[in-house]
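Each chain, letter by letter, is given below.
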Amino acid sequence: MMTALARRDRPRVLPGSLITLRRRCGKPTCRCATGSPHETPALSYSVGGRTKMLTLSAEEVPAVAAAVARYRKAVKALEAEARAELAELVARVEARRGSSRR
Ligand SMILES: [Zn+2]
């Protein structure tokens, strides 16, 4: 079942990273046989510990790149918030223990 989030055309946040796949297609007459390999943008992400690759069209890249950046920023912010909360909790508990012991 698709959620409203998944149905959106443009992803808001995406895990993983944008990469560029480079390969030679194997056709002897193709420019890649002698020149530079074909480049395909892709989203590399992991599901259950396994890395997956989703190739993207050039048009999809800006939205995916933005969503990946938003995800990283959000994760960083959440991590910072959690660390601050932890520091406060530790200080509170230590202060309580310190005063009750005396
Ligand atoms: Zn080729």
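Draft legend 1. Spatial organisation of the overall build of the protein chain. Summing up its helical and strand segments, the protein chain has two helices and three strands in all. Expressed as a percentage of the 102 residues in the protein chain, the buried residues total 4%. If you take every contact in the protein chain between residues at least 6 apart in sequence, the share linking residues at least 24 apart comes to 47%.

Draft legend 2. Structural detail: the sheet that holds strand β1 (residues 17–23). Taken in spatial order, the three strands of this open sheet run β1-β2-β3, and their pairing is antiparallel. Looking along the sheet, the strands with just one partner apiece sit at the ends: β1 and β3 (50–55). Each strand axis lies, on average, 40 degrees off the axis of its neighbour in the sheet, ignoring direction. Sheet analysis places strand β2 (residues 38–47) next to β3, joined by six bridges and oriented antiparallel. Its bridge partner being in β3, L43 is matched across the sheet by L54.

Draft legend 3. Spotlight on the pairing of β2. Sheet analysis places β1 next to β2, joined by seven bridges and oriented antiparallel. Following the sheet pairing, L21 is matched in β2 by T40. Here β2 folds back onto β3 in antiparallel fashion, the turn holding two residues, of which G48 has a positive phi close to 55 degrees.

Draft legend 4. Looking closely at the environment of T51. Tracing the backbone shows T51 in strand β3. The sequence separation of T51 and G16 amounts to 35 residues, and the corresponding C-alpha distance is 9.2 Å. Dropping the residues within four chain positions of it, T51 is found in contact with S44 and S46.

Quick notes on the rules
Residues numbered from 1 in each chain as written. Predicted model: local features only at pLDDT ≥ 70, side-chain atom pairs only at ≥ 80, totals over all residues. Helix = DSSP H or I, 4+ residues; strand = E, 2+ residues; numbered from the N terminus. Buried ≥ 20, exposed ≤ 12 C-beta atoms within 10 Å, placed from the backbone. Contact = placed C-beta atoms within 7 Å. Pairing = 2+ DSSP bridges. Axes fitted to C-alpha atoms, helices over the stretch in contact; angles between N-to-C directions.

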